[in-house]
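As a plain string of letters, each chain reads:
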Number of protein chains: 2
Amino acid sequence: MSEAKRRYTIKDIAEQSAVSLSTVSLVLNGNTRISAATRDRVHATMKRLGYQPNRMARALAWKHTRTLAVVMPQLRHAFADVYFGEIISGIYDKASKLGFKVLLEIARAEFIESREYIRLYDQKYIDGMLFIGANNKHKFIADFADKTRPFLLVNSYSKQHDVNYVVSNYKYGAWQAAQHLLRLGHQRVGFIGGGLNEIQTSQDICESFNEVIQPRLTVDGWLTEEGGMKAAAEIVTADPSITAIFALNDKMALGAIRKLTEMGRRVPADLAVVGFDDIPQASYSIPSLTTVHQPLYEIGKQSCERLIELIHKKVERVQEVLPIYLTVRESCGAKRPAPQAA
Amino acid sequence: MSEAKRRYTIKDIAEQSAVSLSTVSLVLNGNTRISAATRDRVHATMKRLGYQPNRMARALAWKHTRTLAVVMPQLRHAFADVYFGEIISGIYDKASKLGFKVLLEIARAEFIESREYIRLYDQKYIDGMLFIGANNKHKFIADFADKTRPFLLVNSYSKQHDVNYVVSNYKYGAWQAAQHLLRLGHQRVGFIGGGLNEIQTSQDICESFNEVIQPRLTVDGWLTEEGGMKAAAEIVTADPSITAIFALNDKMALGAIRKLTEMGRRVPADLAVVGFDDIPQASYSIPSLTTVHQPLYEIGKQSCERLIELIHKKVERVQEVLPIYLTVRESCGAKRPAPQAA
DNA sequence: CTGAAAGCGCTTACAG
DNA sequence: CTGAAAGCGCTTACAG
């Protein structure tokens, strides 16, 4: 009381405004049945005293907290990826706008084993949860299939478990990329994959691409730039007749370009390269990268908005697929004179 | 009650264990004055009912929340940097271990202007705050100079405002790098800077380096790889006699290596390059990068631990400087035959 | 249009 | 070793 300067409470405001606790609470919550006069009076004294309502008390009375958790996978350097950054940025902005706070969680072993992902709800710590970067190995997702707790997969989805999601149209994106390559006259193409066994959306890209062009060779590039370099070298060495390489993400595509350049192959003159994601580097690499653009920030925003609708029971389930489009730049050679038919 | 399956409360546990509310609360908090027998009985029924204490209620009674905010600067693609990822990882792990939750905030204009950074405390939402990536422009830091609220700068510090911090020894790191170059016989070196006007630690590196070697040329590389490329080109063009380049961070150093290689200069045979930070790419670039290693994960852990001490009033202020060391790899040429004296 | 009272689910002196 | 009671700071029917 003496040292730790006591914070004002609703009671102080009531006294100093000469109204009851209820009235203060009512104006705090913007209830319109309070007269403008007393409303203003109360606001004035709140301002004068610098009053801030105690969120824990409100949460307790409200039975909800207005905070949601965003959980990221346990990836070393996971944050090092624009991918997560953009999505989280979108989530944060939308959450802030809607008055929600964002709790950060990492899906480490302990988080899963202790069922912390459920306890957060049960302890009334969060109202909902967003999970970025899900893959087949995240079995705990099954616990959300009953739709009992607001939960949503961000830019991924599950075939095994019926849970909510917002995902971009990977299949259509891959289809566009393949069609583009085909139109450019490429028949012999190498495919650099990654996460094909764990990640549903990777599988989707692969499947969809295959429907348009059957790759001569599919090599795993581990989703990294280094992996892309290795894979590219392996592909052109194994089959020198290949005229184009498609990589499942930009990091690998960029690695491929780098490696091919080192090997003396010109991109796109000798080989076309197309990526997926459209990370910032894609536009300022040399040559700039033709790639499928993912609206990551938008995905984050949408996911957050839908989750909050789930929380407010405005919707019961969400299965949303966002549009996605090919961005043609230099690395595919579309802008050079039309290639000879094979 | 019927549809929304009611969660159990302390009252249910008390009834089903045939004890009072106080007793349940006491065992919940591990109070030792409860007999082992009743303790076990209570535990059993908690387990049987899957009871989880309501965190908001506890926070309200406790008057603290066991959650801390980590705020990141408003950088486009901020998360795209391992820098932040590693630090946050360290913070998260330590926080979890100590029973704290992590709230994520981004220092956008609105966050500052609405004084949300203060409201979070006043609303009793958080117990403390960690700020990563502070620079001179973050004037709001001044509001923490009175040490009234637990607050700590992570891997940065301020000369203008007296606030708590945990920072790595940038000066000593830069000193080591310069000494190393000097020992290798380099007298004519180019310096690639970044944030020299805004970031205190950048200034420190610059100053400290200058005390050992006076660079022939200092060029701003904007802390990015592209900037590093430009800067490197500018340096070697302006002064062809330069034998080494030091960059304030690895991204720029890596960009420099790339550019120099493109220009036909061999690193380290023709020019030595040294960076700062030791990001993952530093070890697998070609040539691998000699750089000053920053223990980012450790810094995150320490920061979090110190903040929690601040919260518990075990310490009153923290000004901690963590050791840092040069990691010698290929790009400095230390491993080639000793260079001729200039 | 406003207030008194019960309730949200815990914790913590204080008694015994 | 255990319990009754007051309190944490709000919200929300329910009266008037």
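Quantities reported herein were computed from a predicted structural model and do not represent experimental measurements.

Novice: Before we go on, may I ask you to explain the pattern of salt bridges in this structure?
Specialist: Once the charged atoms of two side chains with opposite charge are near each other, the side chains can pair. Residues and elements named next belong to chain A. Tallied over the full model, the rule gives 32 salt bridges over all chains. Of the charged contacts, one joins R119 and E116 as a salt bridge, the two residues approaching to 3.5 Å between their closest N and O atoms. Of this pair, R119 and E116 both sit in helix α7 (residues 116–122), separated by three residues, roughly a single helical turn. On the basis of relative accessibility, which here comes to 27%, the residue R119 falls in the partly exposed class. On the basis of relative accessible area, E116 is assigned to the buried category, the value being 10%. Between R317 and D162 there is a salt bridge, and its shortest N-O distance comes to 2.4 Å.

Novice: Sorry if this is basic, but what is going on with the interface of chain A and chain B here?
Specialist: Interfaces are frequently sized by the accessible area removed from exposure as the parts join. Across the contact, 42 residues belong to chain A and 42 residues belong to chain B. Here chain A and chain B share an interface that buries about 4,400 Å² over both sides, 58% of which is from carbon and sulfur atoms. Connecting chain A to chain B are six salt bridges. Put simply, E116(B) and K101(A) hold a salt bridge, and the shortest N to O gap is 2.6 Å. In this structure, the connection of chain A to chain B is made through 18 residue pairs in polar contact (both at pLDDT 80 or more). Where the side of chain A that touches chain B is concerned, the elements lending two or more residues are α4 (55–62), α5 (82–97), β2 (101–107), α7 and α12 (280–284) of chain A. For the side of chain A that touches chain B, the leading source of residues is α5(A), giving seven residues. Tallied by class, the residues present in the side of chain A that touches chain B amount to 19 nonpolar, eight polar and 15 charged.

Novice: Looking at this model, I keep getting lost on the domain arrangement of chain A. Mind explaining?
Specialist: Per the domain assignment, the segments of chain A are domain 1 (10–53), domain 2 (67–168 + 296–323) and domain 3 (170–294). Computed from C-alpha atoms alone, the centre-to-centre distance between domain 1 of chain A and domain 2 of chain A is 37 Å.

Novice: Before we go on, may I ask you to explain the nonpolar core in this structure?
Specialist: As a rule of thumb, soluble globular proteins bury nonpolar side chains together. Ranked by size, the top nonpolar core spans 196 residues in total, and within it M129(A), I245(A), M129(B) and I245(B) carry the most contacts. Dropping the residues within four chain positions of it, M129(A) is found in contact with A69(A), V71(A), Y117(A), L120(A), Y121(A), F144(A), P150(A), F151(A), L152(A) and L307(A).

Novice: Looking at this model, I keep getting lost on the relation of the copies chain A and chain B. Mind explaining?
Specialist: Superposition of the two copies of the chain requires a rotation about an axis and a shift along the axis. By a simple turn and slide, chain A fits onto chain B: the slide is 0.0 Å along the axis, the RMSD is 0.1 Å, and the turn is 180°. On this basis, the relationship between the two copies can be described by a two-fold rotation axis. Comparing interface residues between copies, 100% of those in chain A also sit at the interface in chain B, which points to an isologous, same-surface contact.

Novice: Looking at this structure, how should I read the protein's contact with DNA strand D?
Specialist: In the vicinity of DNA strand D, 28 residues are found, and the nearest of them are I10(A), S25(A), S22(B), T23(B) and T38(B). Those atoms of DNA strand D that come within 4 Å of the protein belong to sugar or phosphate at a rate of 65%. At 3.0 Å from a phosphate oxygen of DNA strand D is found a side-chain nitrogen or oxygen belonging to N29(A). A distance of 2.8 Å separates a phosphate oxygen of DNA strand D from a polar side-chain atom of Y51(A). Among the elements of the structure, α2 (21–28) and α4 of chain A together with α2 (21–28) and α4 (55–62) of chain B are those that each provide at least two residues to the surface near DNA strand D. Counting residues per element, the surface near DNA strand D draws most heavily on α4(A), which supplies five residues.

Novice: Please explain the protein's contact with DNA strand C as it appears in this structure.
Specialist: Around DNA strand C, a shell composed of 28 residues is seen, among which S22(A), T23(A), T38(A), I10(B) and S25(B) lie nearest. What you see for DNA strand C is that sugar and phosphate hold 66% of its atoms within 4 Å of the protein. S35(A) places a polar main-chain atom, nitrogen or oxygen, 3.0 Å from a phosphate oxygen of DNA strand C. Ranked by residue count, the leading element in the surface near DNA strand C is α4(B), at five residues. The residue inventory of the surface near DNA strand C, partitioned by class, reads 13 nonpolar, eleven polar and four charged.

Novice: I tried to follow the packing of helix α1 (residues 10–17) of chain A against helix α3 (residues 36–49) of chain A on my own but got confused; where do I start?
Specialist: Helix packing geometry: the angle between the two helix axes and the distance between the axes. Residue and element names in this part refer to chain A. Look at α1 against α3: their axes get within 9 Å of each other, and the N-to-C directions meet at 125°. Classed by the angle they form, the pair α1 and α3 counts as oblique. Along this stretch, α1 crosses α3, giving a crossing that reads as right-handed. On α3, the residues that touch I13, Q16 and S17 of α1 are R41, V42, T45, M46, R48 and L49. Its residues assigned to classes, the contact of α1 with α3 shows four nonpolar, three polar and two charged.

Novice: Just to check I follow, could you spell out the environment of G30(A) for this structure?
Specialist: All names here are of chain A. Its place among the elements puts G30 in the loop between α2 and α3. On the basis of relative accessible area, G30 is assigned to the exposed category, the value being 53%. Between the C-alpha atoms of G30 and L260, which are 230 residues apart in sequence, the distance is 63 Å.

Novice: How should the packing of aromatic side chains be read in this particular structure?
Specialist: The way to describe two aromatic rings as a pair is by their centre distance and the angle between their planes. Residues and elements named next belong to chain A. Inspection of every chain in the model, using the stated rule, returns 26 aromatic pairs over all chains. Judged by centre distance (5.3 Å) and plane angle (80°), the rings of Y83 and F84 are edge-to-face. The pair Y83 / F84 is uniform in exposure class, with both members buried. Relative to F246, the ring of F191 has its centre 5.5 Å away and its plane inclined at 50°; by these criteria the two rings are tilted. Note that F191 is positioned in strand β6 (residues 189–193) and F246 in strand β8 (residues 244–247), a separation of 55 residues in sequence. The exposure class of F191 is buried, given its relative accessible area of 0%. Assessed through its relative accessible area of 0%, F246 is described here as buried. Site record: aromatic cluster; members linked through ring pairs are F111, Y117, Y121, F131, F140, F144 and F151. One residue, R149, lies across the ring of Y121, its end atom 6.0 Å from the ring centre.

Novice: What is the right way to look at the environment of F111(B) in this model?
Specialist: Following the sequence through the fold, F111(B) ends up in helix α6 (residues 109–113). For F111(B), a relative accessible area of 4% corresponds to the buried category. Setting aside residues up to four positions removed in sequence, F111(B) forms contacts with Y92(A), V71(B), E105(B), I106(B), E116(B), Y117(B) and L120(B).

Novice: Any chance you could explain the sheet that holds strand β8 (residues 244–247) of chain B here in plain terms?
Specialist: The pairing of strands in a sheet happens through backbone hydrogen bonds and is either parallel or antiparallel. All names here are of chain B. One open sheet accounts for six strands, arranged β7-β6-β8-β9-β10-β12; its pairing is mixed. Unpaired on one side and paired on the other, β7 (217–220) and β12 (325–327) mark the two borders of the sheet. The average undirected angle you get between the axes of adjacent strands in this sheet is 20°. Bridge count for strand β6 (residues 189–193) against β8 is four bridges, and the pairing is parallel. The residue of β8 that forms the bridge with V189 is A244. Each of β8, β9 (272–277), β10 (290–293) and β12 is contacted by helix α8 (residues 170–183), which is oriented at about 170° to β9, the strand it contacts most. Against the sheet, helix α11 (residues 250–262) touches β6, β8, β9 and β10, its axis set at about 155° to β9.

Novice: How should I be thinking about the sheet that holds β8(A) in this particular structure?
Specialist: Residue and element names in this part refer to chain A. Pairing is mixed in the open sheet, where six strands are placed in the order β7-β6-β8-β9-β10-β12. Two strands in the sheet have a free side with no partner beyond their single neighbour: β7 (217–220) and β12 (325–327). Here the average twist between neighbouring strands, direction ignored, is 20°. Here β6 runs beside β7; their pairing, made up of four bridges, is parallel. Bridged to G193 within β7 is D220. Relative to β6, helix α9 (residues 200–212) is tilted by about 170°, and along the sheet it contacts β6, β8 and β9 (272–277). Contacts between helix α10 (residues 225–238) and the sheet are confined to β6, β7 and β8, with β7 contributing the most and set at about 155° to the helix.

The rules behind these values
Residues numbered from 1 in each chain as written. Chains lettered and ligands numbered in written order. Predicted model: local features only at pLDDT ≥ 70, side-chain atom pairs only at ≥ 80, totals over all residues. Heavy atoms only, no water. Salt bridge = Lys/Arg side-chain N within 4 Å of Asp/Glu carboxyl O. Helix = DSSP H or I, 4+ residues; strand = E, 2+ residues; numbered from the N terminus. Buried < 20%, exposed > 50% of the residue type's maximum accessible area, 1.4 Å probe, protein only. Contact = heavy atoms within 4.5 Å. Buried area = accessible area lost by both parts, 1.4 Å probe. Polar contact = N/O pair within 3.5 Å; in protein donor to acceptor, adjacent residues only side chain to side chain. Nonpolar A, V, L, I, M, F, W, Y, C, P; charged D, E, K, R; others polar. Domains from an automatic or database assignment. Core = buried A, V, L, I, M, F, W, Y, C linked by side-chain atoms within 4.5 Å. Least-squares fit on C-alpha atoms with pLDDT ≥ 70 in both. Near = heavy atom within 4 Å. Axes fitted to C-alpha atoms, helices over the stretch in contact; angles between N-to-C directions. Parallel < 35°, antiparallel > 145°, perpendicular 65-115°, else oblique. Left-handed = near helix turned anticlockwise from the far one by under 90°. Phe/Tyr/Trp six-rings, centres within 6.5 Å; stacked < 30°, edge-to-face > 60°. Lys NZ or Arg CZ within 6 Å of the ring centre and 35° of its normal. Pairing = 2+ DSSP bridges.

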